[in-house]
Amino acid sequence: MTDRTNLTIVLAAGEGTRMRSSRPKVLHPVAGQSLLAHVLAAAPGGAGSLVAVVVGPDHQAVADEAARARPDARIFVQQERRGTAHAVLAARAAIESGADDLLVAFGDTPLISSQTFARLRKPLAGGAALVVLGFRAADPTGYGRLVQDDKGLLAIREQADASDEERRITLCNAGVMALDGRRALEILDRIGHANSKNEYYLTDAVAIARDLGLRATVIETDEDEVRGINTKAQLAEAEQVMQQRLRKAALDAGVTMIAPETVYLSGDTVFGKDVTIEPFVVFGPGVSVGDGAVIHAFSHLTGASVGARASVGPYARLRPGTSLGEGARIGNFVETKAATIDAGAKANHLTYIGDAHVGAGANIGAGTITCNYDGFDKHRTEIGAGAFVGSNSSLVAPVTIGSGAYIGSGSVVTRDVPDDALAVERSQQTVRDGWAKRFRDARLARRKPKA
Ligand code: UD1
Ligand code: MG
């Protein structure tokens, strides 16, 4: 079956949405990735796989996201919203390329898995012309009902067009369909719009296939997998389902989580072996964590790679472009951005490191700030291997601290510091012996009894 070519068409033309948002529906995120990106990630990939995304006329942002998530995706525009079959036919040029299997999925159904796409294709290899993904709906209202006979699937009846008897059917159309790619256009071109909504229903493909003497069948899945997103509440439900899945996958892969229900993952979070994640950690997109690393409680990571045996947090924030080397340590209330921190380097407390490179084994004292922004441009800070930056130092970029150099605590460093040098920038300390005692005695004398 794997050598059959396939084309997946994802319908993402948007709709009168109840998300109460100016953002196109399929661009809302679940587990750090757009709904559309989830569907595209689940769609078959690799050699012999093509993907097409159908977008609405004003949805350049959706087209851009499709291209980002699946650079091989072809984009088609459905100029007018005239129904799901009409949307599929917007990608006619892709269908004409004649893949063995044609899959249709909705962009607002992000929980669909790649295994389900594979299961859906199987009956095609066995000679079925059409396979529909069905589920037992707790509340079938609004869904197309799957009408079966002894030969398989007979028809899909949309809610608005169903009889009372058909409305009692709880087996519903999830919206995902697989068609024999060589018969698909013959079937799709026969779909009309004589129904209560005056739309071209993709679901009519079933009855047409049967009229042509072809076999149509159903495979079933769990309702959780085919939840369509129309509201923010449904978006939050999908997030929960996805988080549960991602946590389970991480645990199955050997990640230690003390309180997995408090850890938020992204679809693309990557873990090595023997990683430990303490409670209340949030992983935004683009994070990888190396073998044996520990992410302590209340840390927030986005676009960061954490090296083997590194330690992050508690209360650390790793922003995009952070790369921690092996055994590096980022402690509490430390923020990093566009920062490469080499093996064994440490910034353990209250620090900002942005647009910087910290060499191996360097020690960044508490309260160190790389002053990377002058209000107009960002500038880089280079800190050499083995350097020691004393606490409460401001490193005003662009600036280079040589390897093995020392920075005296409290310095504002504006000029480069050579290797192995000491830089101290602060006023001389004055000490007056006995001053504090004399001060206290004088004040206490003034306070003497009024008697
Ligand atoms: C559809 C199915 C229904 C199924 C349900 C599952 C049809 C006719 N009905 O109904 O059987 O139970 O999904 O959720 O297929 N779209 C376009 N262009 C259009 C129309 C729709 O791109 O002209 C896209 C939408 O953006 C959406 C998807 O197709 O992603 C489904 O459209 P929607 O209007 O939500 O169909 P339902 O009425 O939910
Ligand atoms: Mg819908």
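Residues numbered from 1 in each chain as written. Chains lettered and ligands numbered in written order. Predicted model: local features only at pLDDT ≥ 70, side-chain atom pairs only at ≥ 80, totals over all residues. Heavy atoms only, no water.

## Digging into the overall build of the protein chain
This is how the line gets drawn: Helix and strand definitions follow DSSP, with helices as H or I runs of at least four residues and strands as E runs of at least two, each counted in order from the N terminus. This radius of gyration counts C-alpha atoms alone. The globule rule is 2.2 Å times how many residues there are, raised to the power 0.38. Three exposure classes are used, based on accessible area relative to the maximum for each residue type with a 1.4 Å probe and protein chains only: buried under 20%, partly exposed in between, and exposed over 50%. Two residues qualify as a contact provided that any one of their heavy atoms is within 4.5 Å of a heavy atom in the partner residue. Residues counted as positive are Lys and Arg, residues counted as negative are Asp and Glu, and His and the chain ends are not counted. A charge is said to be at NZ when it belongs to Lys, at CZ for Arg, at CG for Asp and at CD for Glu.
Scanning the protein chain from N- to C-terminus turns up 10 helices and 33 strands. Relative to the 2.2 N^0.38 estimate, which gives 22 Å for 451 residues, the radius of gyration of the protein chain is 30 Å and therefore markedly larger than a compact globule would have. Judged by the C-alpha coordinates and their principal axes, the protein chain covers about 105 × 60 × 40 Å. Among the 451 residues that make up the protein chain, the fraction classed as buried is 48%. Across the protein chain, the fraction of contacts at a sequence separation of at least 24, relative to all contacts at a separation of at least 6, is 43%. Across the protein chain, the mean location of the 51 positive side-chain charges is 9 Å away from that of the 51 negative side-chain charges.

## Regarding the packing of helix α1 (residues 35–42) against helix α2 (residues 60–69)
What counts here: To get an axis, a line is fitted to the C-alpha atoms, and for a helix only the part in contact is used. The angle between two axes follows their N-to-C directions and goes from 0 to 180 degrees. Crossing handedness is read from the near helix: turned anticlockwise from the far helix by less than a right angle, it gives a left-handed crossing, and turned clockwise, a right-handed one. Residue type decides the class: Asp, Glu, Lys and Arg count as charged, Ala, Val, Leu, Ile, Met, Phe, Trp, Tyr, Cys and Pro as nonpolar, and the leftover types, Gly among them, as polar.
Two elements in contact, α1 and α2, have axes whose closest approach is 9 Å; the angle formed by their N-to-C orientations is 40°. The handedness of the crossing between α1 and α2 comes out as right-handed. Judged by residue contacts, Leu36, Ala37 and Leu40 of α1 engage Val62, Glu65, Ala66, Arg68 and Ala69 from α2. Looking at the contact of α1 with α2 residue by residue, the class counts come to 6 nonpolar, no polar and 2 charged.

## Notes on the pattern of salt bridges
Keep this limit in mind: When a carboxyl oxygen of Asp or Glu lies within 4 Å of a side-chain nitrogen of Lys or Arg, that pair is called a salt bridge.
All chains considered together, the criterion is met by 19 salt bridges. Here Asp149 makes a salt bridge to Arg210, at a shortest N to O gap of 2.8 Å. Of this pair, Asp149 sits in strand β8 (residues 145–149) while Arg210 sits in helix α8 (residues 205–211); the two residues are 61 residues apart in sequence, bridging distant segments of the chain. Residue classification places Arg210 among the buried positions, given a relative accessible area of 16%.

## Description of the site of ligand 1
Filter applied, for reference: Here a residue is considered near a molecule or strand provided that any single heavy atom belonging to it is located within 4 Å of it. Residues adjacent in sequence count toward polar contacts only when both atoms are side-chain atoms; beyond that, a polar contact is any pair of N or O atoms within 3.5 Å, and within protein one must be able to donate a hydrogen and the other to accept it. Using a 1.4 Å probe, accessible areas were evaluated by the Shrake-Rupley method; residue-level cover was limited to the displayed protein chains.
Around ligand 1 there are 20 residues in total, and Gln78, Gly83, Thr84, Glu158 and Asn173 lie nearest to it. Within the backbone of Ala13, an N or O atom sits 3.3 Å from an oxygen atom of ligand 1. At 2.9 Å, a side-chain N or O of Arg81 approaches an oxygen atom of ligand 1. Protein burial of ligand 1: of its 750 Å² of free accessible surface, 89% is covered by the chains. Secondary-structure elements contributing two or more residues to the shell around ligand 1 are α3 (84–89) and β10 (171–180). When its residues are assigned to classes, the shell around ligand 1 shows 7 nonpolar, 7 polar and 6 charged.

## Notes on the layout of surface pockets
The condition that has to hold: In the cavity and pocket records, a cavity denotes points on a 1 Å grid over the protein atoms alone where a 1.4 Å probe fits but cannot get out, a pocket denotes an open set with protein on both sides within 12 Å along at least 5 of 7 lines, and lining residues are residues with an atom within 4 Å of a point. Grid points are joined across faces, edges and corners, and a volume is the space filled by probe spheres set on the points. Where each domain starts and ends comes from a domain assignment, either automatic or drawn from a database.
Its volume calculated, the second largest pocket comes out at about 460 Å³. If you go around the second largest pocket, you meet 20 residues; those closest to its centre are Met242, Arg245, Leu246, Ala249 and Gly267. Within the residue set of the lining of the second largest pocket, elements represented by two or more residues are α1, α5 (114–125) and α9 (232–252). Among the elements that take part in the lining of the second largest pocket, α9 stands out by supplying 5 residues, more than any other. Partitioned by chemical class, the residues of the lining of the second largest pocket number 11 nonpolar, 8 polar and 1 charged. When residues of the lining of the second largest pocket are assigned to domains, at least three map to each of domain 1 (6–226) and domain 2 (232–423).

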